[in-house]
Amino acid sequence: MSATFLGMPGNFPKNSQKAVQDSQLRYNLRKATHTIRGKRAGVVGELPDWAELRAAGKAIKDHTLRNLDRYLVQLERAVQDAGGTVHWARDAAEANRIVTGLVKATGEREVVKVKSMATQEIELNQALAAEGITAYETDLAELIVQLGDDFPSHILVPAIHRNRSEIREIFLEKMPKTPEGLTDDPPALAEAARLHLRERFLRSKVAISGANFMVAETGTLVVLESEGNGRMCLTLPETLISVVGIEKLLPSWRDLEVFLQLLPRSSTGERMNPYTSMWTGAVEGQDFHLVLLDNGRTGVLADEVGRQALRCIRCSACLNVCPVYERAGGHAYGSVYPGPIGAILTPQLRGMGSELDASLPYASSLCGACYDVCPVAIDIPEVLVDLRAKAPHAAAEKAGMKVAGWILDDHRRLAAAQRLASKARGLVPKKRLPGPLSAWTETRDVPEIPEESFRDWWERNERA
């Protein structure tokens, strides 16, 4: 099971209704997403073969997912041959037990972390804290979220909902040894964080990372980042533990070339990310452990429509173009995976047993902008519609759909229903329907019923 943010209301409509009332949040989101969106469009437009790259990325991912069992075994063998240790985690609880056990075996009580969606998904920080181990986030945005006792709201920029004045206040209140006279100038904030983190890097003996990609052919793990904190985490500590979802696999080193073009352009709007770190097994005597995380992924893989969500390379391009995300923000989704990709991935990983998860497939206008920008061509609207069909529905809704299906199945029944509706049009409320039907009119008015159906009008005029 993946994490649900504590304190979240019951479902996406309630969460988003509260979020859209926050004008500062909406301003922060619009400014940030439009900036990233514009940069992405510029660098993608430079490539005449972008469509071919996108098709190649989709094909590589689909091939890998169809042969995931074989490539995972190949990866395990390659990592072990390079001196690393591979652990298999069926779910979040097992992954947390493995990681906490490895950290406790070192005798350390502090770890530094590279930004990782997988460790957020399994709530690793909380599991470590329960064992008396403190995890320090080193990504600037993740540090802001951690210091502010907050939740991430974006895949690429977890603190996108904060402006620089708010960040300054968080630093002054929560960060030790904050420089006197700290302003909200971005370079000043970055320098304050750098000084704070440098001490952590030099002191910590254990680091925990994720990975953007794993190469089965060589056992190589790859992390793309913009700040250099990842490289510090990956090289300085004596023990490195990487927690990675099994879908992050690529068959060969050559396949990586495609994704090193797709990901930076789609995520940060850069031709190449500033830091690309790669390591294979135990490097320079470092004790390396790879934890391969399932946590519902094989279940997603079994779904013929939904499995395409596992192609996701966490670029966040779909969030930056989504009109729903831009207005509601990431917290409304109640998961570490917000936006359109979260609306299809989270319900598949967690199931739709809760009110929140059952509402996520409806957190979309189905405009298709997310599909247009996805670098691996995930048809998010298709999966959303499929999940809506699988979501739990109220008895009154099921009965209504059954009756509607019976009426629409026969033109004579449909004509009779239209005539009856026209005669009873004066009894139908103008705005909201009563009883169990009221949910349908919470966000829409009742359509006006015409005095005469088109079918009857056509027949009357044809006879005339």
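Scroll up a little and you will see the structure.
The structure contained in this document is the topic of the report that follows. Keep in mind it's a predicted model, so treat the numbers as computed, not measured.

## Things to note about the sheet that holds strand β1 (residues 85-89)
Pairing between the strands of a sheet is mediated by backbone hydrogen bonds and can be parallel or antiparallel. With respect to topology, six strands assemble into an open sheet ordered β1-β10-β7-β4-β2-β3, the strand pairing being parallel. Of all the strands in the sheet, just β1 and β3 (134-137) have a single pairing partner and so form its edges. Geometrically, the sheet is characterised by an average inter-axis angle of 25 degrees between neighbouring strands, direction not taken into account. As defined by bridge partners, strand β2 (residues 110-113) adjoins β3 across four bridges and the pair is classed as parallel. What sits directly across from E110, in β3, is T134. The sheet contacts of helix α4 (residues 68-81) involve β1 and β10 (287-293), and relative to β1 the element is tilted by about 145 degrees. In this fold helix α5 (residues 92-106) packs onto β1, β2, β4 (206-209), β7 (239-245) and β10, with an angle of close to 145 degrees to the strand it touches most, β1.

## Observations regarding a nonpolar patch on the surface
A contiguous nonpolar patch, built from F454, W457 and W458 and spanning about 390 Å² of accessible area, is present on the exposed surface. Looking at where W458 falls in the secondary structure, it is placed in helix α22 (residues 454-463).

## A few points about the sheet that holds strand β5 (residues 213-215)
Pairing within the open sheet is mixed, and its four strands lie in the order β8-β5-β6-β9. Of all strands in the sheet, those with a lone pairing partner are β8 (249-250) and β9 (275-280), marking the two edges. The sheet contact formed by β5 and strand β6 (residues 220-225) spans three bridges and is antiparallel. Looking across to β6, one finds that F213 is bridged to V222.

## Comments concerning the packing of helix α3 (residues 50-66) against helix α12 (residues 253-267)
Axis separation between α3 and α12 bottoms out at 10 Å; the angle between their running directions is 120 degrees. Relative to α12, the element α3 lies oblique. Crossing angle aside, the handedness with which α3 passes α12 is left-handed. In contact with W50, L53, R54, A56, G57, I60 and K61 of α3, α12 contributes D255, V258, F259, Q261, L262, R265 and S266. Looking at the contact of α3 with α12 residue by residue, the classes come out as seven nonpolar, three polar and four charged.

## Considerations on the pattern of salt bridges
Counted by the stated rule, this structure contains 25 salt bridges. For K104, the salt bridge identified is with E131, shortest N-O distance 3.0 Å. Remark: E131 occurs in the loop between α7 (124-130) and β3 and K104 occurs in helix α5; sequence separation between them is 27 residues. For K104, a relative accessible area of 40% puts it in the partly exposed group. When its relative accessible area of 36% is taken as the criterion, E131 is described as partly exposed.

What counts and how
- Residues numbered from 1 in each chain as written.
- Predicted model: local features only at pLDDT ≥ 70, side-chain atom pairs only at ≥ 80, totals over all residues.
- Heavy atoms only, no water.
- Pairing = 2+ DSSP bridges.
- Helix = DSSP H or I, 4+ residues; strand = E, 2+ residues; numbered from the N terminus.
- Axes fitted to C-alpha atoms, helices over the stretch in contact; angles between N-to-C directions.
- Contact = heavy atoms within 4.5 Å.
- Patch = residues over 30% accessible without salt bridge, like charges linked within 9 Å, V, L, I, M, F, W, Y side chains within 5 Å.
- Areas by Shrake-Rupley, 256 points an atom, 1.4 Å probe, with all protein chains shown as cover.
- Salt bridge = Lys/Arg side-chain N within 4 Å of Asp/Glu carboxyl O.
- Parallel < 35°, antiparallel > 145°, perpendicular 65-115°, else oblique.
- Left-handed = near helix turned anticlockwise from the far one by under 90°.
- Nonpolar A, V, L, I, M, F, W, Y, C, P; charged D, E, K, R; others polar.
- Buried < 20%, exposed > 50% of the residue type's maximum accessible area, 1.4 Å probe, protein only.

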